[in-house]
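Here is what each chain is made of, one letter per residue.
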Amino acid sequence: MESISTELPSEVVDKSVEVKEIAENVEETAVKNGEEEPEKAGEEYAYLERNEFTSEIFKIEVKNLGYFGIGEFKKLLRSTLKFDVTKIKAPTRKEFAFVCFRSQEDQQRGLETLNGYKWKGKVLKAQAAKASADPLQKRRAAEDQESEKKPKKQRTAVEATCPLSHIPYEQQLKQKSEEMSALLAKYTQELRRLNPRAKPHLDKFKFQEVLPSPTVDGYRNKNEFTVGKNSAGEVVVGFRLGCYADGSVEVAEVQDLPHLPEQAKWAARSFQELVRKSKFLPFNPDGNLGHFRQLMVRCSSATGELMLVAGVYSSNLSEEEQVQLKEELKTFYEVTEEGGLNKCTSLYYQDVKHREAGQMINPVEHISGSTHITDTIQGQQFRISPLAFFQINTEGANVLYQKAIDLVAPTKDTTMLDICCGTGTITLAFAKHCKKVMGVEIVPDAIKDAEFNAEANGIKNCKFFTGNADDFIKSMVREALYEQEVGKPLDLIAVVDPPRAGLHHRSIAAIRSADAINRLVYVSCNPHSAKRNFIELARPESKQYKGEPFYPKSAVAVDMFPHTTHTELVILFEREPKTKADEKSQPEEEATESKSEATAEVTAEITASAT
């Protein structure tokens, strides 16, 4: 391997003696800080002794970072210094961070490089750090110490997953409407402070309402169940009642949950029966023991098809045992039916264990039945692969997509860019209203589905790209400009429907800098997280966000998740052409906003990383 020293900037100084002292005195430092050594801390650190990889063993603490953004720190480590890091943890508003490596060699190199390294006017300090305690065992230890107190009442499955199910549906809609109004009021208030030019636009901005879901019960077409044990110690397949970090591993059955269709409930029951009969064991996160870990269920109300993806922790299995388990799954579901009403039509095996370096998803292997299922939105049929994104409420998606179309009002002269297009549902829904539509998605199988869906529905005016959205936005815009008739203005719109965490700031910057995009529809399944993106779209032009701001014009919500606290929000953004007066005042505005912008960006980056 080539020495890293040949690639390091000149800021790295000679500090081998200091690092040697740090490495030799980690134990002493821990004792001085009142921390016990891992082997003396009981079960809280037992995971370090398991025969499996954990980067917590190779962790360092970097101090004296000053005021920094998690994104720029990642760039320093991964791009500039070429470190192979597994995790970077930075507490909000602190001047230090923890960095985890894949080996002791990498950890040592990190210590030698970062201790004394000059970055942003600061001289960094680096030292080896103690591994974090297992949150489950830590919680149990705390409970043991407070055993005299009354135990906390555990939530039921209904309380954990459908907290609004006891409220009449009309009242649920009213509650969600009030919540969305309050969230948008905070957003517009913050935007008024950040961008005074937004005031006339915000005065006209209106939130319409929360539209009801056509289907209130049994609407979820995708569910991910956990294999575990209930409070009585029985093996069940259902939903976790809490998270591991909070010290909870209890799982409850799902038969009484109103938002699950009968197909999904049957799938959970049948898989539970299989696990209870099998010689292979249910997975236990307390020690990473066992095999059956989870079950993903996808079903179609249009065709009645049912896809099951059995998630198995294979680290405890030999290759021969994995073959046996797959055969057991195949045999069981080839013969298992319940009154002929439910049957697995597509069966997959998923290896769910610690991911290797560079691995984005856990791989799936087709076992039996068809390779896909098919569902219908806006009168079009869509093929769905196991890992592709598809709206979980099919009937609600019909309402959602129609509202998005109504808000932006495309014409036969419009070109539409679908960012985070998944299997192409939004792209193809817009196709019949536009001259051309283009979509980009990072999951290759989803793009294969999108291309298949376009051909199956006879849609010719579409094109799809595989990759990160921020890498393709500019090229899609250039293609739209190239194909535009000379002398005719380009009507270019963008639709974004990102994951729950929202779009990366690089994607927002790419959209902002694409002057040809005049209107944008933002579809958010988590408006609280997406508020960061709303601000980034509408804040004044700056070095990071070049291009005129997108101002909110109108918003509407669709209740895609009845009985839960979640709501899907759709906002139409538009931007107006820059005037000469705007260009003259720009330098003054940038100077005024620089401090508040830096604060917002650093906070947003750290929050996104923690999420």
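Note that the structure is a prediction, hence the values are computed from the model and not measured.

## Quick word on the pairing of strand S18 (residues 436-441)
Taking burial as the measure, the six residues of S18 include six buried ones, the bulk of the element. Residues Lys436, Met438 and Val440 of S18 are buried on one face, and the alternating residues Val437, Gly439 and Glu441, pointing to the opposite face, are buried as well. The parallel pair S18 and strand S19 (residues 462-466) is bridged by helix H13 (residues 444-456), and the resulting crossover is right-handed.

## With respect to empty space enclosed by the protein
In this structure the tally under the stated criterion is one cavity of 30 Å³ or more. The volume enclosed by the largest cavity comes to roughly 40 Å³. Taken together, Phe389, Tyr401, Asp418, Cys420, Cys421, Thr425, Ile426 and Asp497 make up the lining of the largest cavity. A per-class count over the lining of the largest cavity returns five nonpolar, one polar and two charged.

## Remarks on the packing of aromatic side chains
Evaluated as defined, the whole model comprises 14 aromatic pairs. For the pair Phe332 and Tyr333, a centre-to-centre distance of 5.0 Å together with 85° between the ring planes defines the contact as edge-to-face. Within the aromatic cluster, the residues linked to one another by ring pairs are Tyr187, Tyr522, Phe534 and Phe573. Note that Lys120 overlies the ring of Trp119, its terminal NZ or CZ placed 5.4 Å from the centroid.

## Some remarks on the sheet that holds strand S11 (residues 292-299)
Overall, mixed pairing links the seven strands, which are arranged S10-S9-S8-S11-S12-S13-S14 in an open sheet. For this open sheet the edge positions go to strand S10 (251-252) and strand S14 (364-369), each flanked by a neighbour on one side alone. Bridging between S11 and strand S12 (residues 306-312) involves seven bridges; their strand directions are antiparallel. Looking across to S12, one finds that Arg298 is bridged to Met307. Helix H9 (residues 262-277) contacts strand S8 (222-229), strand S9 (235-240), S11 and S12 of the sheet and is inclined by roughly 155° relative to S11. Against the sheet, helix H10 (residues 319-335) engages S11, S12, strand S13 (346-351) and S14, with an angle of about 155° to S13.

## So, the side chain of Asn533
Following the sequence through the fold, Asn533 ends up in helix H16 (residues 527-538). Here Tyr522 takes part through its side chain, which lies 2.6 Å from a polar atom of the side chain of Asn533. Not counting residues up to four positions away in its chain, the partners in contact with Asn533 are Gly502, Leu503, Ile508 and Tyr522.

## Comments concerning the confidence of the model for the chain
Per-residue pLDDT for the chain has a mean of 83; in total, 79% of the residues score no lower than 70. Under a pLDDT of 50 for its full length, residues 1-41 has, in the predicted model, 42 contacts with residues more than four places off or in other chains. Here residues 587-611 is modelled with pLDDT under 50, and outside its nearest four sequence neighbours on either side it reaches 38 contacts, counting other chains as well.

## Looking at H9
In this model H9 runs 23 Å from its N-terminal to its C-terminal C-alpha over 16 residues, within 8% of the 22 Å that 1.5 Å per residue would give. Those residues of H9 that sit buried are Gln263, Ala264, Lys265, Trp266, Ala267, Ala268, Ser270, Phe271, Gln272, Leu274 and Val275. Looking at the buried side of H9, the elements it contacts are S8, S9, S11, S12 and H10.

## Side note on the nonpolar core
Note on soluble globular proteins: their nonpolar side chains tend to be buried together. In terms of nonpolar packing, the biggest core is built from 51 residues, with Leu184, Ile419, Ile511, Ile517, Leu520, Leu569 and Phe573 touching the most fellow members. In this structure, Phe573 is in contact with Tyr187, Asn518, Arg519, Leu520, Tyr522, Phe534, Leu537, Phe550, Tyr551 and Pro552, ignoring residues within four places of it in sequence. Formed by 45 residues, the second largest nonpolar core is a distinct cluster that contains Tyr219, Ala431, Cys462 and Leu572.

## Side note on unusual backbone geometry
Despite not being glycine, Lys120 has its phi angle at roughly 55°, a positive value. Assignment of secondary structure puts Lys120 in the loop between strand S4 (118-119) and strand S5 (122-123). Here the phi dihedral of Ala409 falls at roughly 50°; this positive angle occurs in a residue that is not glycine. Looking at where Ala409 falls in the secondary structure, it is placed in the loop between helix H11 (394-408) and strand S17 (414-419). For Ala409, a relative accessible area of 44% gives the class partly exposed.

## Let's talk about the side chain of Lys326
You can see Lys326 is positioned in helix H10. Setting aside anything within four residues of it in sequence, one finds Lys326 in contact with Tyr349, Glu365 and Ile367.

## Considering the environment of Asn195
Relative to the elements of secondary structure, Asn195 occurs in the loop between helix H7 (169-194) and helix H8 (199-204). Residue class for Asn195 comes out buried when judged on its relative accessible area of 1%. C-alpha of Asn195 to C-alpha of Ile535: the two residues are 340 residues apart in sequence and 9.6 Å apart in space. Setting aside residues no more than four positions away along its own chain, Asn195 makes contact with Ala538, Arg539, Pro540, Pro549 and Tyr551.

## Brief notes about the sheet that holds S19
Judged by pairing direction, the sheet is mixed, and its eight strands sit side by side in the order S7-S22-S23-S21-S20-S17-S18-S19 without closing on themselves. At either end of the open sheet lies a strand with only one pairing partner, and these are strand S7 (206-211) and S19. Each strand axis lies, on average, 15° off the axis of its neighbour in the sheet, ignoring direction. Of the pairings in the sheet, the one linking strand S21 (residues 517-524) to strand S23 (residues 568-574) comprises six bridges and is antiparallel in character. Its bridge partner lying in S23, Val521 is registered against Leu572.

## A closer look at the pairing of S9
Taken across its six residues, S9 has five buried, putting it largely inside the fold. Bridge count between S8 and S9: four bridges; the pairing is antiparallel. Its bridge partner being in S9, Thr226 is matched across the sheet by Gly238. Adjacent in sequence and paired antiparallel, S8 and S9 are bridged by five residues, among which Gly233 carries a positive phi angle near 85°. One ladder, built from two bridges, connects S9 with S10; its direction is antiparallel. Residue pairing in the sheet places Arg240 in a bridge with Val251 of S10.

## With respect to the packing of H7 against H16
Taken N-terminus to C-terminus, the directions of H7 and H16 make an angle of 30°; their axes are 10 Å apart at the nearest point. The orientation of H7 relative to H16 falls into the category roughly parallel. In the crossing of H7 with H16, the sense of the turn from one axis to the other is right-handed. Taking contact as the criterion, the partners of Glu179, Met180, Leu183, Tyr187, Glu190, Leu191 and Leu194 in H7 are, on H16, Pro527, His528, Lys531, Phe534, Ile535 and Ala538.

What counts and how
- Residues numbered from 1 in each chain as written.
- Predicted model: local features only at pLDDT ≥ 70, side-chain atom pairs only at ≥ 80, totals over all residues.
- Heavy atoms only, no water.
- Buried < 20%, exposed > 50% of the residue type's maximum accessible area, 1.4 Å probe, protein only.
- Helix = DSSP H or I, 4+ residues; strand = E, 2+ residues; numbered from the N terminus.
- Right-handed = clockwise from strand over helix to strand, strands pointing away.
- 1 Å grid on protein atoms, 1.4 Å probe; cavity = no way out; pocket = protein on both sides within 12 Å on 5 of 7 lines; lining within 4 Å.
- Points joined across faces, edges and corners; volume = space filled by probe spheres on them.
- Nonpolar A, V, L, I, M, F, W, Y, C, P; charged D, E, K, R; others polar.
- Phe/Tyr/Trp six-rings, centres within 6.5 Å; stacked < 30°, edge-to-face > 60°.
- Lys NZ or Arg CZ within 6 Å of the ring centre and 35° of its normal.
- Pairing = 2+ DSSP bridges.
- Contact = heavy atoms within 4.5 Å.
- Axes fitted to C-alpha atoms, helices over the stretch in contact; angles between N-to-C directions.
- Polar contact = N/O pair within 3.5 Å; in protein donor to acceptor, adjacent residues only side chain to side chain.
- pLDDT = per-residue confidence, 0-100.
- Expected span 1.5 Å × (residues − 1).
- Core = buried A, V, L, I, M, F, W, Y, C linked by side-chain atoms within 4.5 Å.
- Parallel < 35°, antiparallel > 145°, perpendicular 65-115°, else oblique.
- Left-handed = near helix turned anticlockwise from the far one by under 90°.

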